[in-house]
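Per-entry structural report
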Amino acid sequence: MIIGIDDTDSREGMCTTYLGALLMEELCAFGSPLGEPLLIRLNPTIPYKTRGNAAVALCFESDEPEKIIGHVVSRVSSMSRMECENTNPGVVFIREVDFKEAKPQLSEFFIRAVKDVISIDEARALAESLGLAFRAFKNGRGLIGALAACGAMLNQDWEHTYEFLTYRKDEACGTKRLVDNESLFGADSETYPETWDSVDRFNELVVCVPRSPDPVLYGIRGDTREAVEKAVAMVRSEEIERSCIYRTNQGTDMHLIRAGGVDDILEMHSYMLEGTVVSPAVTIRGGHSIFILEDDAGRTIDCAAFEPTKNFREVVRRLVPGDRVVVYGSVTEDTLNIEKICILSLADVSEERNPACPSCGKRMKSAGSGQGYRCRRCATSAAETELVPLERDLGPGFYEVPPCARRHLAKPLVRFRCPEFPVFPGR
Ligand code: ATP
């Protein structure tokens, strides 16, 4: 039986991944786990999300499916933050006999839930038409993520990574997390690039320890189970209550849609869009840097490197009109929030300067308004200024926001293989 769960937490506490980790242990009373638990990140622009728009799916082999359903529903009912208006849990159960029929529709639903916006009615109608057992609490929005997570479990033909999540003891929740920073930097040194985004070296920050009051102590992300296990073994911290290694679509760019042009773009979707810079970046109040990109049809869109993207804004600020780029990111309020950028080619930039004297090579002086330029020493003159090409302080290639600003789904450049362009991973 596949079990999909979503929308159990609030900003004040809980985390759906914690419930998943707990159930991975507790459901062993009724059966045995099949394969790895999944942590699925869905459309990152959804406004109802608590933090990272995650859902989980587990798979168990059991002769007592009713007991599994009963236990999961009871845990979701008692542990979800129902008092929060935005917490609307959903749980879906798929028995093995229904796997085959559900697979095509739920696989597609999963991909759409990562890239697109889905209504509660559509999710409910799909669960009903497939005859699935499900529970939708309150307005039932959690059904969307729960169904999507089941789709991911039914069809695992997608790029995946791993996250090793550790959880705090109940009595510690809400207090300062005790994780030794030095050990995190050490674990990163030993295991990067097989693990990534544990720390942000440039900004001297620890990234893998959350600040919210949920039960997560820290999470280590990596390419393989072995890599995340190796890193975790090196971390010194307060006592952990439990842990769980999830297989996940984090760090895969699964949310991105290739846009043919600005006209293809919809709010609350994420894109790869090629175009030409038509205005240099302007930095507005709050430190956000925004430039205008034009597609080949002459349609434009604002592209932003917001303040939390820190040093990445330097890349954006060095762009000039005529630069050809591909921007990667989500669109909200008519603005593309850049996660990474590929600079395809750079425009020639030149500066107007007084002409050089053909005899001594020094720059000539103005001979007066409208009278051209003159070198007094050599008695040479010229009518026009010279255009001197300038070196650009930027090269073609891929650039990305630093780890402290990374989206869960964004593929870190350290995972990129691109023979055509240099890749500059943020670290
Ligand atoms: P949690 O840890 O509880 O999962 P979260 O940050 O992941 O927290 P949720 O609390 O799950 O966010 O809230 C996200 C809500 O948005 C869920 O109800 C989920 O079903 C719904 N949702 C997810 N993806 C989509 C989508 N593509 N379209 C519409 N709704 C979605």
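Note that the structure is a prediction, hence the values are computed from the model and not measured.

Observations regarding the state of the cysteines
- Counting across every chain of the model gives zero disulfides.
- Unpaired in terms of disulfides, cysteine 15 finds its nearest cysteine sulfur in cysteine 173, a separation of 11 Å.
- Lacking any disulfide linkage, cysteine 303 is separated from the closest cysteine sulfur, that of cysteine 342, by 14 Å.

Topic: the domain arrangement of the protein chain
- Segmentation of the protein chain into domains returns domain 1 (2-154), domain 2 (161-248), domain 3 (256-346 + 392-424) and domain 4 (349-390).
- Once you take the C-alpha centre of each, domain 2 and domain 4 turn out to be 61 Å apart.

What to know about a positive patch on the surface
- On the surface, Lys362, Lys365, Arg374, Arg376 and Arg377 cluster together into a patch of positive charge.
- Structurally, arginine 376 can be placed in the loop between β21 (373-375) and β22 (380-382).

A look at the sheet that holds β22
- Across the sheet, which stays open at both edges, the three strands sit in the order β20-β21-β22 with antiparallel pairing between neighbours. Here the strands that pair on one side only, and so sit at the sheet edges, are β20 (365-366) and β22.
- Sheet analysis places β21 next to β22, joined by three bridges and oriented antiparallel. Bridge pairing in β22 places tyrosine 373 opposite alanine 382.

Examining the nonpolar core
- In this structure, Ile40, Val92, Ile94, Leu106, Phe109 and Leu147 are the most contacted members of the largest nonpolar core, which totals 35 residues.
- Counting only elements with at least two residues in this core, the list comes to β3 (38-41), β4 (54-62), β5 (90-94), α3 (96-115), α4 (120-129) and α5 (142-154).
- In terms of residues, this core owes the most to one element, α5, which gives ten residues.
- Setting aside chain neighbours within four positions, we find leucine 147 in contact with Val92, Leu106, Phe109, Ala123, Ala127 and Leu132.

Quick look at the site of the ligand
- Around the ligand, the structure places 23 residues, and the nearest of them are Asp7, Asp9, Thr16, Arg51 and Ala54.
- One of the backbone nitrogen or oxygen atoms of arginine 51 is found 2.5 Å away from an oxygen atom of the ligand.
- The separation between an oxygen atom of the ligand and a polar main-chain atom of arginine 141 is 2.8 Å.
- When the free accessible area of the ligand is taken as 620 Å², the share hidden by the protein chains comes to 98%.
- Here the shell around the ligand gets three residues from one element, more than from any other, and that element is α5.

Quick notes on the packing of helix α6 (residues 181-191) against helix α7 (residues 225-233)
- Look at α6 against α7: their axes get within 8 Å of each other, and the N-to-C directions meet at 145 degrees. With respect to the hand of their crossing, α6 and α7 are arranged in right-handed fashion. In this structure, α6 contributes Ala187, Glu190 and Thr191 to the contact, and α7 contributes Ala227, Lys230 and Ala231.
- Residues belonging to the contact of α6 with α7 are distributed by class as follows: three nonpolar, one polar and two charged.

So, the UniProt feature "domain: TiaS-like TCKD" (unreviewed entry) in the protein chain
- Per the UniProt annotation, the sites labelled "domain: TiaS-like TCKD" (unreviewed entry) are residues 2-133.
- End C-alpha to end C-alpha, residues 2-133 measures 11 Å, and it is 42% helix and 20% strand.

What to know about unusual backbone geometry
- With an omega dihedral of 10 degrees, the bond running from tyrosine 192 to proline 193 counts as a cis peptide bond.
- Relative to the assigned elements, proline 193 resides in the loop between α6 and β8 (195-196).
- Positioned with a positive phi, glutamate 333 is a non-glycine residue whose angle comes to about 50 degrees.
- Mapped onto the fold, glutamate 333 is located in the loop between β17 (324-332) and β18 (335-345).
- A positive phi is found at alanine 379, a non-glycine position, where the angle reads about 60 degrees.
- Following the sequence through the fold, alanine 379 ends up in the loop between β21 and β22.
- On the basis of relative accessibility, which here comes to 66%, the residue alanine 379 falls in the exposed class.

Digging into a negative patch on the surface
- On the surface, a cluster of negative charge is contributed by Glu267, Asp302, Glu333 and Asp334.
- The topology assignment puts aspartate 334 in the loop between β17 and β18.
- Of the residues examined, aspartate 334 reaches a relative accessible area of 59% and is grouped as exposed.

Concerning the UniProt feature "domain: TiaS FLD" (unreviewed entry) in the protein chain
- Taking the numbering used here, the UniProt-annotated feature "domain: TiaS FLD" (unreviewed entry) corresponds to residues 140-255.
- Segment residues 140-255 splits into 28% helix and 26% strand. End C-alpha atoms: 23 Å apart.

Here's the deal with the pattern of salt bridges
- Overall, the coordinates contain 35 salt bridges when judged by the stated rule.
- Across the pair aspartate 263 and arginine 299 runs a salt bridge, and its minimum N-O distance is 2.6 Å. A residue pair is termed long-range when its members are at least 10 positions apart, and aspartate 263 in the loop between β13 (256-259) and β14 (269-284) and arginine 299 in the loop between β15 (288-294) and β16 (300-305) qualify at 36 residues.
- A salt bridge links glutamate 351 to arginine 353, with the nearest nitrogen and oxygen atoms 2.8 Å apart.

Concerning the environment of glycine 322
- Within the element layout of this structure, glycine 322 appears in the loop between α8 (312-317) and β17.
- Classification of glycine 322 as partly exposed rests on a relative accessible area of 37%.
- Through-space distance from the C-alpha of glycine 322 to that of glutamate 12 is 47 Å; in sequence the pair is 310 residues apart.
- Other than its neighbours up to four places away in sequence, glycine 322 contacts Thr276, Val277 and Ala347.

About the criteria used
Each residue is numbered by its place in its chain's sequence as written, counting from 1. Restriction of local features to residues with pLDDT of at least 70 applies here, the model being predicted, together with a cutoff of 80 or more for giving and counting side-chain atom pairs; totals for whole chains, interfaces and linings are based on all residues. For side-chain calculations, the full set of non-hydrogen atoms in the structure is used, while hydrogens and water are omitted. Put simply, a disulfide is two cysteine sulfurs that come within 2.5 Å. Residue ranges for the domains trace back to a domain assignment, done automatically or taken from a database. Patches in this entry comprise residues that are over 30% relatively accessible and not in a salt bridge; like charges within 9 Å are linked, as are nonpolar side chains (Val, Leu, Ile, Met, Phe, Trp, Tyr) within 5 Å. Shrake-Rupley sampling with a 1.4 Å probe provides the accessible areas, and residues are treated as covered by the protein chains on show and by no other component. Here, a salt bridge means any Lys or Arg side-chain nitrogen found within 4 Å of an Asp or Glu carboxyl oxygen. In this tally, Lys and Arg are treated as positive and Asp and Glu as negative; His is ignored, and so are the chain termini. The location of each charge is read from NZ of Lys, CZ of Arg, CG of Asp or CD of Glu. Secondary structure elements follow DSSP: runs of H or I of four or more residues count as helices, runs of E of two or more count as strands, with numbering from the N terminus. Following DSSP output, two strands are said to pair if at least two bridges run between them. The set of buried Ala, Val, Leu, Ile, Met, Phe, Trp, Tyr and Cys residues whose side-chain atoms join them within 4.5 Å is what this entry labels a nonpolar core. Burial classes: relative accessible area under 20% of the type maximum marks a residue as buried, over 50% as exposed, and values in between as partly exposed (1.4 Å probe, protein chains only). A contact between two residues is defined here by any heavy atoms of the two lying within 4.5 Å. Think of it this way: one heavy atom of a residue within 4 Å of a molecule or strand is enough to make that residue near it. Distance and chemistry together define a polar contact, namely a pair of N or O atoms within 3.5 Å, with one atom able to donate a hydrogen and the other to accept it when in protein, and with adjacent residues in sequence counting only for side-chain atoms on both sides. Helix axes are fitted only over the stretch in contact, all axes being lines through C-alpha atoms; the angle between N-to-C directions runs from 0 to 180 degrees. A crossing counts as left-handed when the near helix is turned anticlockwise from the far one by less than a right angle, and as right-handed when that turn is clockwise. Classification convention: Asp, Glu, Lys, Arg as charged; Ala, Val, Leu, Ile, Met, Phe, Trp, Tyr, Cys, Pro as nonpolar; all other residues, Gly among them, as polar. UniProt positions are given in the numbering used here, feature names are shortened, and annotations may be inferred rather than shown by experiment.

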